[in-house]
Amino acid sequence: MTKWYMVRRWITSQFQRLSGKHVLTAVVAYAVISWVLLKLAGEQALTSPFVDYVYYLLVTASTVGYGDMSPQTVAGKWIVALFVIPCGLSIFAIGVGRLAGIAIEFWRRGLLGRRSVDVSGHILILGWNESRTLHLIDMLLHEEKDKRPIVLCVRAEIQNPLPKEIDFVRTTSFTDEVAMSRAGYEDASCIIIDNPEDDITFAAALFCASKNPDAHILAYFQEEVLSNLLKSHCPKAECIPSVSVEMMAKSAVDPGSSELHHELLNTRKGMTQYAVTYPGNAKYTTVSELFMRMKQQHDATLIGIRRDDQVKLNPALEAEVKPNDLLFYIADERVSDFNWDD
């Protein structure tokens, strides 16, 4: 019993060590030996032309067995019964098993974040904050107007939380160039950095800004010190501070302020804040004229203008609106058909 157990273990270990090269060698050897044996047995109909032989071998080895071709001689029948069919079944099973193993391993590598992603112009999220990150991804999937792919890159030992909707990469450091290249950080159009530790966020933002200066970098900070320091090094980076304390103070003085801000940021409920670029070929106009046009045509409320990296909220009615200004407005849904020519 012990010897049989050792033999089974040895056979199992040999099968597990089989590589694609070994399987290919076995297939070629099986095809050659089968052809020689059938040729010696006088099975001319099975061995020529060559395409018929390949067809017969595949049909037999895969157990399909159409019955349109079969050995006619006694020796040929013994060869098929004792060699062609048993060996063919074994090699076919090994080949299918290897292909299944490769497919499963490919899927597992993607689920565990060990595979490189093949995307460009995507949104790259660096960091993992459990439910907050999931909520962020959910909002992006709902709100993303250009339908850019989303790649989540984390340091935590987790699996892809949304395998059907996003790509996933695991790394030990957000400043490791080789590991980060698997997440396509150099080709990302937007990089969102949100970590529990501000120092990791700061280092990741500096690294990404140096390697991909054209990307829109968003960094969330709990402390304002590192936020200001990042802005001094990367003026184009958009730093998002924690407003929890400010929100509590504002709600204490003006009850309902927290609900108002939550609705402005919620893309699935009520009125939400959006932004649109005033076309470069549009004519100069005023806030008053544009305010009334947006309100009458789309029930949208103009609330601010960004120009030269400066945002001005509640601009005066006589203020001028110039081409390429970024306009902030409130509406029930994002408006995609503004008529700027009126």
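What this report covers is the structure whose coordinates are included nearby. (Residues numbered from 1 in each chain as written. Predicted model: local features only at pLDDT ≥ 70, side-chain atom pairs only at ≥ 80, totals over all residues. Heavy atoms only, no water.)

**Here we look at unusual backbone geometry**
So, step 1. Across the junction of Ser48 and Pro49, the peptide omega takes the value 0°, indicating a cis bond.
So, step 2. Within the fold, Pro49 resides in the loop between α3 (44-47) and α4 (50-61).
So, step 3. Look at Glu130: it is not a glycine, yet its phi comes out positive at around 55°.
So, step 4. Take Glu130: it is sitting in the loop between β1 (123-126) and α6 (131-143). (Helix = DSSP H or I, 4+ residues; strand = E, 2+ residues; numbered from the N terminus.)

**A short note on the packing of α4 against helix α5 (residues 74-111)**
So, step 1. Between α4 and α5, the shortest axis-to-axis distance is 8 Å and the interhelical angle comes to 75°. The angle between α4 and α5 falls in the class roughly perpendicular. Seen from α4, the contacting residues are Tyr56, Leu57, Thr60 and Ala61; seen from α5, they are Val80, Val84, Ile85, Gly88, Leu89 and Phe92.
So, step 2. Broken down by class, the residue content of the contact of α4 with α5 amounts to 8 nonpolar, 2 polar and no charged. (Axes fitted to C-alpha atoms, helices over the stretch in contact; angles between N-to-C directions. Parallel < 35°, antiparallel > 145°, perpendicular 65-115°, else oblique. Contact = heavy atoms within 4.5 Å. Nonpolar A, V, L, I, M, F, W, Y, C, P; charged D, E, K, R; others polar.)

**With respect to the layout of surface pockets**
So, step 1. Put simply, the second largest pocket is a space of about 350 Å³.
So, step 2. What lines the second largest pocket is a set of 17 residues, and nearest its centre among them are Val27, Tyr30, Leu57, Leu58 and Ala61.
So, step 3. Mapped onto the lining of the second largest pocket, the elements with two or more residues apiece are α2 (20-40), α4 and α5.
So, step 4. Of all the elements, α4 adds the most residues to the lining of the second largest pocket, at 6 residues. (1 Å grid on protein atoms, 1.4 Å probe; cavity = no way out; pocket = protein on both sides within 12 Å on 5 of 7 lines; lining within 4 Å. Points joined across faces, edges and corners; volume = space filled by probe spheres on them.)

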